[in-house]
2 protein chains.
Amino acid sequence: MAFPAETEGFQVDGPGNPPEFHKRSFKLKPVGDYDVDIKIDACGVCGSDVHTVTGGWGKQNFPLCVGHEIVGHAVRVGPKVTLVKQGQRVGVGAQVYSCGDCKQCREDNETYCQVNLINTYGSEWPGTGIISQGGLASHIRAHEYWVFPIPDALSTKTVAPMLCAGLTAYSPLVRHGAGKGKKVGIVGIGGIGHFGIMFAKALGAETWAISRSRAKEAEARKLGADGFIATAEGGWETAHLCTFDLIVNCANSSSGFDLAKYLSLMDVHGRWISVGLPEEEGQVIKAQNLVSNGVLIGASHLGSRRETLDMLKLAADNGLEGWVEELKLGQDGLQEAISRMKKGDVRYRFTMTGYDEIFGQ
Amino acid sequence: MAFPAETEGFQVDGPGNPPEFHKRSFKLKPVGDYDVDIKIDACGVCGSDVHTVTGGWGKQNFPLCVGHEIVGHAVRVGPKVTLVKQGQRVGVGAQVYSCGDCKQCREDNETYCQVNLINTYGSEWPGTGIISQGGLASHIRAHEYWVFPIPDALSTKTVAPMLCAGLTAYSPLVRHGAGKGKKVGIVGIGGIGHFGIMFAKALGAETWAISRSRAKEAEARKLGADGFIATAEGGWETAHLCTFDLIVNCANSSSGFDLAKYLSLMDVHGRWISVGLPEEEGQVIKAQNLVSNGVLIGASHLGSRRETLDMLKLAADNGLEGWVEELKLGQDGLQEAISRMKKGDVRYRFTMTGYDEIFGQ
């Protein structure tokens, strides 16, 4: 089966609030022996997409087709592909290439590759002038290493957001020791955080949801939270001082955030790991805030192929699925997704579907 | 032998630059069954002393006798003391009490005790109104747990600064994995940093000294550094991007510090651990600066009794000693120490000696 040079999808030409999405054709990467072409069935709408198309992260490689929580079927596989079978249901997340050869890649840290890291959208395929394009499109092409078979137990629309949001929560949990006997907090109950609660609980940790108000308490407990902390309540931190082993901060904004208070929750050498990339200017950290418990502050970027497969198995084994609201692909659905995401009006992720109606079978 | 109620030492009544030191008597803590009275022979002058007596850290419990790098001899031991023998040469560092019973204390994290942490000087002994007083004095009284036998191989004047500066460098090195096969950096070659270089090397790590200029390069290599980085040189970071497993930041000031550039040196999930408590307002950290390598930023406070004993053994086994300049205890010597420390004019620590001349045999 011949690999085409182009596909069709929805691109934005620059930031807008919400932006205009234009349906048009654009180039795929030049085909390689390990590449897989995927006909897309669904794609989650990630906070990164919102930051990108509304201009919050500044200059991007427009025109751009965003979307990196992709589920579809492998329709063509290159001659050397062994990890994916033609016809198989597969997913693609937020990264589609790394060098595969550097220290980071060899140690399952391919999402930290310093040599050649290609994001699912917005990166140039080296030497081609072609900018990678995401999942609001008919097809995507990716190296088999970045294409993940989806277990039968998981539904297309609910597994889609696991491929970025889910993995973003899962990787720091397993890397920083979430498990039996550990007290783990998830700050920010949204697209990433709702997966964080599910996964922390499934990994065996005592799991606390940490949110501003109690508005999401019932849902957090349904997701698996053992406890709930509302930071709008005075003295919220006192019962938990120096007790958390790990907190994954999924908040998408840092404004009005009293970081020192959160850090006081951490046990000695506990880990405070942020996975959001807020648009604000960052926070002032004094060594004095860190020294009373030796807390470690870090960030985490996606997760490895190995972690992706482990996460999908954990979800399949435990019947975990993302809480999603379906929207139909197209200008209307996309604008609704972006503007409601901006307002936090989603519990907890949009998945765009209806691809066949737009692009044909 | 009766335990006295008081001892004599040099106190400051408030911040000065340099401050006045007044020789006078002050109260010791009420004696307990596990207490040891130490006749002091020498005391290192720590950056903390300078911050305290010059007002850099703000309000303190004046009048105050500073000094927490103490070596002397046990002259009286309480009836339940088993860890120290009368007449033994011993040291006391920057902490003299913790509850001993909380989770932190039970896990060798007594320097992070949240219940009852008494610093060697400036803390109130609970319920007594008595403020703990440091080592610029004839005697000090401490619970045996905080009194450390000094190996014979180590000299009094060179081991004194190990009890705070040395331990401050040693603890984060061992807690964060310095050893064979690891690339470790020490930022700031001073009282703490010069021990950091020695210990990192002795622990088997590939050890790099990181300083502004090359002025201290020869000495750093003599201390054990395998390599030297001068951050005043353009492009200093490029050869080391994403390669360090651990950097212990011993710098005592954060002004003019391009933290993002330093963090780019760290390998994936490498640790950037600060042990200084600069007087400045802290630094802005954006999640974006942390996400490209998942670096962990932390701080470290002193080290445990177990680590103190291990450090002293490592030093004795490897013939390591602090590089010290002796000054005679008294108003002149103390003022010289403080004003020269302020200017960074010491390589690399002052030890106050001549106690017998001041206080008698």
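Residues numbered from 1 in each chain as written. Chains lettered and ligands numbered in written order. Predicted model: local features only at pLDDT ≥ 70, side-chain atom pairs only at ≥ 80, totals over all residues. Heavy atoms only, no water.

Novice: What is the right way to read the environment of V324 of chain A from this model?
Specialist: Residues and elements named next belong to chain A. When you line up the elements, V324 lands in strand 17 (residues 324–328). Spatially, the C-alpha atom of V324 lies 25 Å from that of E8, the residues being 316 residues apart in sequence. Apart from the residues within four sequence positions on either side, V324 is in contact with K157, T158, P161, R349 and T351. (Helix = DSSP H or I, 4+ residues; strand = E, 2+ residues; numbered from the N terminus. Contact = heavy atoms within 4.5 Å.)

Novice: Help me understand the domain arrangement of chain A, please; the structure alone is not making it clear to me.
Specialist: Where interface size is given, it is often the accessible area lost as the parts come together that is meant. Residues and elements named next belong to chain A. Taken domain by domain, chain A holds domain 1 (6–164 + 303–359) and domain 2 (166–299). Domain 1 puts 27 residues into the contact, and the matching count from domain 2 is 25 residues. The contact between domain 1 and domain 2 buries some 2300 Å² in all, and 60% of this surface belongs to carbon and sulfur atoms. Three residues stand out in domain 1 for area buried against domain 2, namely E307, W323 and Y348, and they jointly supply 28% of the buried area on that side. At the junction of domain 1 with domain 2, the criterion picks out two salt bridges. One salt bridge in this structure joins R347 and E219, with 3.6 Å as the shortest N-O distance. (Domains from an automatic or database assignment. Buried area = accessible area lost by both parts, 1.4 Å probe. Salt bridge = Lys/Arg side-chain N within 4 Å of Asp/Glu carboxyl O.)

Novice: What exactly am I supposed to notice about the pattern of salt bridges here?
Specialist: Opposite charge on two side chains permits them to pair, given that their charged atoms come into close proximity. Residue and element names in this part refer to chain A. Applying the stated rule across the entire model yields 46 salt bridges over all chains. For K29, the salt bridge is made with D35, and the minimal N-O distance between the two is 2.6 Å. With a relative accessible area of 14%, K29 lands in the buried category. Here K103 ties to E107 by a salt bridge, and the two come within 3.9 Å at their closest N and O atoms. (Buried < 20%, exposed > 50% of the residue type's maximum accessible area, 1.4 Å probe, protein only.)

Novice: Any chance you could explain the interface of chain B and chain A here in plain terms?
Specialist: Opposite the 37 residues of chain B that make contact, chain A presents 38 residues. With both chains or domains summed, chain B and chain A bury close to 3100 Å², and 60% of this area falls on carbon and sulfur atoms. At the junction of chain B and chain A, the tally comes to two salt bridges. Note that D267 of chain B and K103 of chain A form a salt bridge whose closest N and O atoms lie 2.1 Å from each other. Between chain B and chain A we count nine residue pairs in polar contact (both at pLDDT 80 or more) in total. Contributing elements (two or more residues each) for the side of chain B that touches chain A: helix 2 (103–106), strand 16 (266–274), strand 17 (283–285), helix 8 (287–291) and strand 18 (296–299) of chain B. (Polar contact = N/O pair within 3.5 Å; in protein donor to acceptor, adjacent residues only side chain to side chain.)

Novice: Help me out: how do you make sense of the relation of the copies chain B and chain A in this one?
Specialist: In this arrangement, two copies of a chain are superimposed by a rotation about an axis accompanied by a shift along the axis. You can overlay chain B on chain A at an RMSD of 0.0 Å; the transform is a turn of 180 degrees with a shift of 0.0 Å along its axis. Interpreted geometrically, this transformation is the action of a two-fold axis. No C-alpha of chain B lies nearer the rotation axis than that of V284 of chain B, which sits 2.0 Å from it. Take the interface residues of chain B: 100% of them recur as interface residues in chain A, which is what a same-surface contact looks like. (Least-squares fit on C-alpha atoms with pLDDT ≥ 70 in both.)

Novice: Can you walk me through the environment of V12 of chain B in this structure?
Specialist: All names here are of chain B. Along the chain, V12 falls in the loop between strand 1 (6–11) and strand 2 (22–27). Owing to a relative accessible area of 1%, V12 belongs among the buried residues under this scheme. Between the C-alpha atom of V12 and that of V53, which follows or precedes it by 41 residues, the distance is 7.0 Å. Residues contacting V12, with those up to four places away along its chain left out, are P19, E20, F21, V53, F62, P63 and L64.

Novice: Please clarify how helix 10 (residues 331–342) of chain A should be interpreted in this entry.
Specialist: Given 3.6 residues per helical turn, the α-helix brings residues three or four places apart onto the same face. Residues and elements named next belong to chain A. For helix 10, spanning 12 residues, the distance from its first C-alpha to its last is 17 Å, which sits close to the expected 16 Å at 1.5 Å a residue. Among all positions of helix 10, only G333, L334, Q335, A337, I338, R340 and M341 are buried. Looking at the buried side of helix 10, the elements it contacts are strand 1 (6–11), helix 1 (47–54), strand 17 and strand 18 (349–353). Directly after helix 10, the chain includes G344, whose backbone phi takes a positive value near 70 degrees. (Expected span 1.5 Å × (residues − 1).)

Novice: What's the story with the packing of aromatic side chains in this structure? I'm lost.
Specialist: All names here are of chain A. For the structure shown, the criterion picks out 19 aromatic pairs over all chains. Between Y262 and W272, the ring centres sit 5.5 Å apart and the planes meet at 55 degrees, which makes this aromatic pair tilted. With Y262 in helix 7 (residues 259–263) and W272 in strand 14 (residues 266–274), this pair connects stretches of sequence that are 10 residues apart. On the basis of relative accessibility, which here comes to 8%, the residue Y262 falls in the buried class. One aromatic cluster in this structure is built from F10, Y355 and F359. The ring of W125 carries the charged tip of K29 above its face, separated from the ring centre by 5.0 Å. Over the ring of F3 we find R76, and its NZ or CZ is 5.9 Å from the ring centre. (Phe/Tyr/Trp six-rings, centres within 6.5 Å; stacked < 30°, edge-to-face > 60°. Lys NZ or Arg CZ within 6 Å of the ring centre and 35° of its normal.)

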